[in-house]
Amino acid sequence: MKLILLNKPFNVMCQFSAHPSRPTLADYVKIPHIYPAGRLDADSEGLILLTDDGQLQNRISHPDHKQPKTYLVQVEGTPTREALEKLRQPLDLGDFVTQPCVVKHIYPPEWLWPRNPPVRERANIPTSWLSLTLSEGKNRQVRRMTAAVGLPTLRLVRISIGGYSLETHPLLPGEWQEVKI
């Protein structure tokens, strides 16, 4: 049984099959018969877990197991107390209501690698950083949540899944490491 931690770069498809215009996980990890346990959109970056064990993949990614996932989110604008409180509470996104989550307004993370291509900057609109921890992970959920409170996401980096994090296993984009289970 293998468990691989990979720092997925921006604009990489979270799949091993070929894509017509973008790189995929196969361009970074050359181990046969492993699969992602969960997904990250191409425009998101950061930690994904890969495994060759279907039961482990299910324990990591199935919503019933509620593995906490932490994201660093660069947003356009400055969050108010009211916006942060709305993010913490169940939030109606139209097709579903989010579970409560942990949200903090944080300083820009100095250790974070620069994104390629860089995030667009507007001279007259400030950006801010949030740390957001969810126990669910629906399609584009973090982006939809921040947009719903008037803080569009500019950059989204997942830094932890359950007990695995880029803090305890520092990896640059495209780097991976096998860990003991």
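Summarised in this report is the structure supplied together with it. What you see is a predicted model; the values in this text were computed from it and never measured. (Residues numbered from 1 in each chain as written. Predicted model: local features only at pLDDT ≥ 70, side-chain atom pairs only at ≥ 80, totals over all residues. Heavy atoms only, no water.)

### Notes on unusual backbone geometry
At step 1: Put simply, N116 and P117 share a cis peptide bond, and its omega is 0°.
At step 2: Note that P117 resides in the loop between β5 (102–106) and β6 (127–134).
At step 3: Phi angles above zero are rare outside glycine, and N11 is one such case at about 70°.
At step 4: Its location among the elements puts N11 in the loop between β1 (3–8) and β2 (35–36). (Helix = DSSP H or I, 4+ residues; strand = E, 2+ residues; numbered from the N terminus.)

### So, the environment of H19
At step 1: Turning to its location among the elements, H19 is positioned in the loop between β1 and β2.
At step 2: Spatially, the C-alpha atom of H19 lies 24 Å from that of L154, the residues being 135 residues apart in sequence.
At step 3: Residues in contact with H19, not counting those within four places in the same chain, are M13 and T24.
At step 4: Separated by 3.1 Å, the side chain of H19 and the backbone nitrogen of S21 make a polar contact.
At step 5: Reaching out from H19, the side chain makes a polar contact with the backbone nitrogen of R22 at a distance of 3.1 Å. (Contact = heavy atoms within 4.5 Å. Polar contact = N/O pair within 3.5 Å; in protein donor to acceptor, adjacent residues only side chain to side chain.)

### Thoughts on the pattern of salt bridges
At step 1: Taken as a whole, this structure holds eight salt bridges when the rule is applied.
At step 2: Of the charged contacts, one joins E45 and R155 as a salt bridge, the two residues approaching to 2.6 Å between their closest N and O atoms. Pair noted here: E45 is in strand β3 (residues 45–51) and R155 is in strand β7 (residues 153–161), with a separation of 110 residues, a long-range link.
At step 3: Take E45: its relative accessible area is 2%, and that puts it in the buried class.
At step 4: Among the residues examined, R155 registers a relative accessible area of 6% and is labelled buried.
At step 5: Between E76 and R120 there is a salt bridge, with its nearest N and O atoms 2.9 Å apart. (Salt bridge = Lys/Arg side-chain N within 4 Å of Asp/Glu carboxyl O. Buried < 20%, exposed > 50% of the residue type's maximum accessible area, 1.4 Å probe, protein only.)

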